[in-house]
Structures are given as C-alpha cells and as structure tokens.
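What follows is the residue order along each chain.
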Amino acid sequence: MDAAYDRLPLNALRVFEAVATRLNFADAAEALHVTPAAVSQQVKSLEDYLQTPLFRRRGRTVELTSEGADLLPRVRRGLDELEAALQQSRKQRESGVLNVSMLASFLQKWLTPRLHSQRDHLHDIELRIHTSREAVDFARSDFHAVIRLGTGPYPGLYSEKLMDDWLVPVATPALIRKYGKVPCTKDLGAFPLLYSSDEPWSAFVSDETAKSARTKPAMLDDSASVISAAIEGLGFAVARWSLVERDVAAGRLAIACDVVRQFRYSYYFICPESYAAMPKVVRFRDWLRTEVARHPLPPPLAASRPAAD
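As the structure is a computational prediction, the values presented were derived from the model and not from experiment.

The rules behind these values
Residues numbered from 1 in each chain as written. Predicted model: local features only at pLDDT ≥ 70, side-chain atom pairs only at ≥ 80, totals over all residues. Heavy atoms only, no water. Helix = DSSP H or I, 4+ residues; strand = E, 2+ residues; numbered from the N terminus. Contact = heavy atoms within 4.5 Å. Phe/Tyr/Trp six-rings, centres within 6.5 Å; stacked < 30°, edge-to-face > 60°. Buried < 20%, exposed > 50% of the residue type's maximum accessible area, 1.4 Å probe, protein only. Axes fitted to C-alpha atoms, helices over the stretch in contact; angles between N-to-C directions. Parallel < 35°, antiparallel > 145°, perpendicular 65-115°, else oblique. Left-handed = near helix turned anticlockwise from the far one by under 90°. Nonpolar A, V, L, I, M, F, W, Y, C, P; charged D, E, K, R; others polar. Core = buried A, V, L, I, M, F, W, Y, C linked by side-chain atoms within 4.5 Å. Salt bridge = Lys/Arg side-chain N within 4 Å of Asp/Glu carboxyl O. Expected span 1.5 Å × (residues − 1). Pairing = 2+ DSSP bridges. Patch = residues over 30% accessible without salt bridge, like charges linked within 9 Å, V, L, I, M, F, W, Y side chains within 5 Å. Areas by Shrake-Rupley, 256 points an atom, 1.4 Å probe, with all protein chains shown as cover. Polar contact = N/O pair within 3.5 Å; in protein donor to acceptor, adjacent residues only side chain to side chain.

Draft legend 1. Highlighting the environment of Leu107. Structurally, Leu107 is set in helix α6 (residues 104–111). Ignoring any residue separated from it by four or fewer positions in sequence, one finds Leu107 in contact with Met102, Thr112, Ile129 and Thr131.

What follows is the structure in structure tokens.
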C-alpha cells in the first residue's frame with residue numbers, strides 16, 4: 001500500500017484541479033505561485049501517468065477532454081477529503097484529547113482539587129489521565145505527556161521541573177493535642193506512627209528511633225492511603241507537602257513538627273520534543289505552571305522567608 005501511495009502524483013493532481021478550474025495555464029500558475037512551464041510539466045506528467053490527454057490546447061486557453069471532465073469531480077472530492085483530514089489533524093493539535101500519565105497520589109491529592117480551574121481555562125481539551133509510576137515509552141503509546149517524581153534530566157525528551165516538594169510530619173489536631181508535636185531528634189516511643197515506604201520516618205530520625213514507636217500499624221505503600229489513615233486519627237505520618245497542603249489548610253491535618261525536609265525528588269513535566277510545542281500540550285503545561293505558582297510553601301518555610309516589600 002505504501003508503494004502505491006509513493007507513486008501517486010499528488011502535486012500534479014493539485015495542478016490539474018487549478019488548471020481545470022481556470023481553463024488557463026497562466027492563471028493557474030499565478031494562483032499556485034509557480035511558472036506556467038512548471039504547470040505544463042505537471043499536467044504532462046499526470047497525462048503520462050494516466051496515459052490519456054486531459055486538456056485540449058486552444059491558443060492561450062484550454063478545455064477539458066471528456067476524460068479530464070470525468071476526472072475533475074473525483075479529484076476535487078479527494079482533495080476536499082484530504083484537506084478536511086489535515087484540518088482535523090490541525091484542530092486536534094489545538095484541542096481534543098490529551099493523554100497524560102501521572103502518579104495516583106498526585107492526581108488524587110494535588111490535581112483533582114484543581115480540575116475545576118482546568119475546565120474553566122482548558123474547556124476544549126479532553127483530559128484523559130492514566131495513573132502509574134512506571135516509565136512511559138512514548139513511541140509505543142498514545143501519551144502526550146507524563147508527570148513524574150525524579151531528579152532529571154531525561155535524555156531525548158523535553159523535561160521541565162514543575163515544582164520541588166518537602167516532607168512534613170502531619171497528624172490530626174486532636175492527636176497533636178494529645179501527644180504534642182513530634183520531636184524529630186528524640187525518641188518517638190510515645191508516638192503512634194504511620195509508616196510509608198515512599199515517605200519514611202528516617203528522613204527525620206534514624207530508623208532505630210522510628211522503630212521505637214509505641215504502635216506499629218501495617219506498612220502502607222501508597223502515599224494517599226497513608227494520608228487517609230492520618231486523617232482518620234490513626235497516627236502521625238510523614239507526607240509530601242504537595243499532597244497534604246489542602247488537608248492542612250482545611251484543618252483536617254496539622255503539621256506536627258517545626259522541621260521540614262526537602263524531598264529528594266521533584267515533579268517533572270516530560271514529553272517528546274515533538275510534542276513540546278503542540279498547542280494543547282503547551283496550554284496544559286502553562287496551566288500547570290499557573291497552579292504550581294499558587295501552591296504555598298510549608299508554613300515553617302513560609303514563616304522563615306523574608307516578607308516582600
């Protein structure tokens with residue numbers, strides 16, 4: 001099939017339609033921004049391809065042969081369909097489906113509460129989100145972009161750091177009133193701790209100190225699940241600030257330590273270089289940038305930052 005397409009005289013068909021519409025080689029050449037000689041050459045190549053004359057020359061004007069008159073509506077129909085296909089493809093660069101992959105916790109705790117803003121600003125983009133932490137093979141998938149935690153860079157791909165993150169111990173206000181704030185440099189034996197494989201207590205204290213905690217709930221390997229357990233008052237948890245900021249602002253959780261640690265990974269927006277300038281990808285990335293700019297620092301860091309003049 002590809003070999004047959006390779007032999008199609010597409011440019012000659014376009015020239016034929018221009019001449020057949022105007023019945024004048026010079027006028028067709030002017031419309032196509034080429035020379036009359038180039039027009040004549042293309043028409044001859046098409047006639048040779050079809051092995052039939054398409055025009056009768058009468059001085060400076062021409063008229064269609066019966067074969068040319070029969071071919072013209074079919075060529076116009078084909079060119080119209082091709083133009084419609086190209087216009088649809090161009091439109092899909094601006095809007096339509098946008099396939100994005102991201103971490104489930106990021107979707108649940110950071111992106112979902114902001115999707116109402118996305119609908120307002122990107123109403124013509126149909127966002128389709130897949131949750132995963134695995135690497136994406138863009139060449140073998142339909143994904144336009146991914147959001148991942150990492151250190152960058154990502155060779156062969158466009159990558160942009162969206163935001164850094166911090167680890168903060170959190171608990172319900174009631175639990176903090178009962179046990180006090182976590183003394184991150186001392187024994188935590190009196191504190192009920194929740195454990196996560198992604199956000200370990202060892203970021204604040206030694207593993208041995210963390211193991212001395214009074215209660216040992218099951219290890220949870222999903223960041224959002226750990227936060228849910230903390231909201232239920234089951235214990236103190238170490239969480240990424242990006243995931244608990246809204247819960248803290250709403251009073252469901254409170255920061256349980258005066259110390260915060262920068263997380264070892266940052267959020268990156270990653271896509272193929274060929275997609276980096278695609279309008280709908282650019283619009284989504286710009287919307288993310290705006291939302292990230294509104295994301296506050298953890299209170300201990302915000303309090304230590306000099307006030308703006």
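Let's pick the thread back up.
Draft legend 2. How the structure looks around the packing of aromatic side chains. In total, this model carries 11 aromatic pairs according to the counting rule given. Relative to Trp110, the ring of Phe106 has its centre 5.0 Å away and its plane inclined at 15°; by these criteria the two rings are stacked. Taken together, the positions of Phe106 and Trp110, both in helix α6 and four residues apart, correspond to about one turn of that helix. The pair formed by Phe106 and Trp110 is uniform in burial state, with each residue classed as buried.

Draft legend 3. Quick peek at the packing of helix α2 (residues 10–22) against helix α3 (residues 25–32). The interhelical angle for the contact between α2 and α3, taken along N-to-C directions, is 125°, at an axis separation of 8 Å. Relative to α3, the element α2 is oriented oblique. In the packing of α2 onto α3, the handedness of the crossing is right-handed. Where α2 approaches α3, its residues Arg14, Val15, Ala18, Val19 and Arg22 are matched on the opposing element by Phe25, Asp27, Ala28, Ala31 and Leu32. Residue composition of the contact of α2 with α3, grouped by class: seven nonpolar, no polar and three charged.

Draft legend 4. Broad picture of the nonpolar core. Of all hydrophobic cores here, the largest spans 44 residues; its most connected members are Phe106, Leu111, Ile147, Val244, Phe269, Phe284 and Leu288. Among the elements that take part in this core, helix α12 (residues 279–294) stands out by supplying five residues, more than any other. Those residues in contact with Ile147, other than ones at most four positions away along the chain, are Ser101, Met102, Leu103, Phe106, Leu162, Tyr267, Tyr268, Phe269 and Leu288. Listed in part, the 20 residues of the second largest apolar core include Ala12, Val39, Leu46 and Val62.

Draft legend 5. Summary view of the pattern of salt bridges. Taken as a whole and judged by the stated rule, the model has 21 salt bridges. A salt bridge links Glu291 to Arg114; the nearest nitrogen and oxygen atoms lie 3.8 Å apart. Here Arg114 lies in the loop between α6 and α7 (115–121) and Glu291 lies in helix α12, a separation of 177 residues in the sequence. Using a relative accessible area of 5% as the deciding quantity, one classes Glu291 as buried.

Draft legend 6. The arrangement of α2 in detail. The end-to-end C-alpha separation of α2 is 19 Å, in line with the 18 Å expected for 13 residues at 1.5 Å each. Listed in full, the buried residues belonging to α2 are Ala12, Leu13, Val15, Phe16, Ala18, Val19 and Ala20. Looking at the residues trailing α2, positive phi occurs at Leu23, about 50°.

Draft legend 7. Local environment of α6. In terms of burial, α6 is a largely internal element, six of the eight residues being buried. Turning to α6, its buried residues are Ser105, Phe106, Leu107, Lys109, Trp110 and Leu111.

Draft legend 8. Structural view of the sheet that holds strand β11 (residues 266–272). Ordered by their spatial adjacency, five strands build an open sheet running β4-β3-β5-β11-β6, and the pairing between neighbours is mixed. Lying at the two open borders of the sheet, with one neighbouring strand each, are β4 (125–131) and β6 (157–163). Across the sheet, the mean angle from the axis of one strand to that of its neighbour is 25°, orientation sign disregarded. Here two bridges tie strand β3 (residues 96–102) to strand β5 (residues 145–150), and the two strands are oriented parallel to one another. Paired with Val100 across the bridge in β5 is Ala145.

Draft legend 9. Region of the structure containing a nonpolar patch on the surface. Residues Leu8, Leu10, Tyr49 and Leu50 make up a contiguous nonpolar surface patch of roughly 370 Å² in combined accessible area. Position of Tyr49 relative to the elements: it lies in helix α4 (residues 36–50). Under the relative-accessibility criterion, Tyr49 is labelled partly exposed at 45%.

Draft legend 10. Main features of the environment of Ala276. Along the chain, Ala276 falls in the loop between β11 and α12. The exposure class assigned to Ala276 is buried, which follows from its relative accessible area of 12%.

Draft legend 11. Expanded view of unusual backbone geometry. Note that the residue after Gly152, namely Pro153, is joined by a cis bond; omega there is -10°. Looking at the element boundaries, Pro153 is found in the loop between β5 and β6. Its identity is not glycine, yet Leu23 carries a phi of approximately 50°, on the positive side. Along the chain, the position of Leu23 falls in the loop between α2 and α3.

Draft legend 12. Structural view of the side chain of Ser242. Considering the arrangement of structural elements, one finds Ser242 in helix α11 (residues 241–249). Within the structure, Ser242 has its side chain in polar contact with the side chain of Asp165 (distance 2.6 Å). With near-sequence residues (within four places) excluded, Ser242 lies in contact with Lys109, Trp110, Met163, Asp165, Tyr267 and His295.

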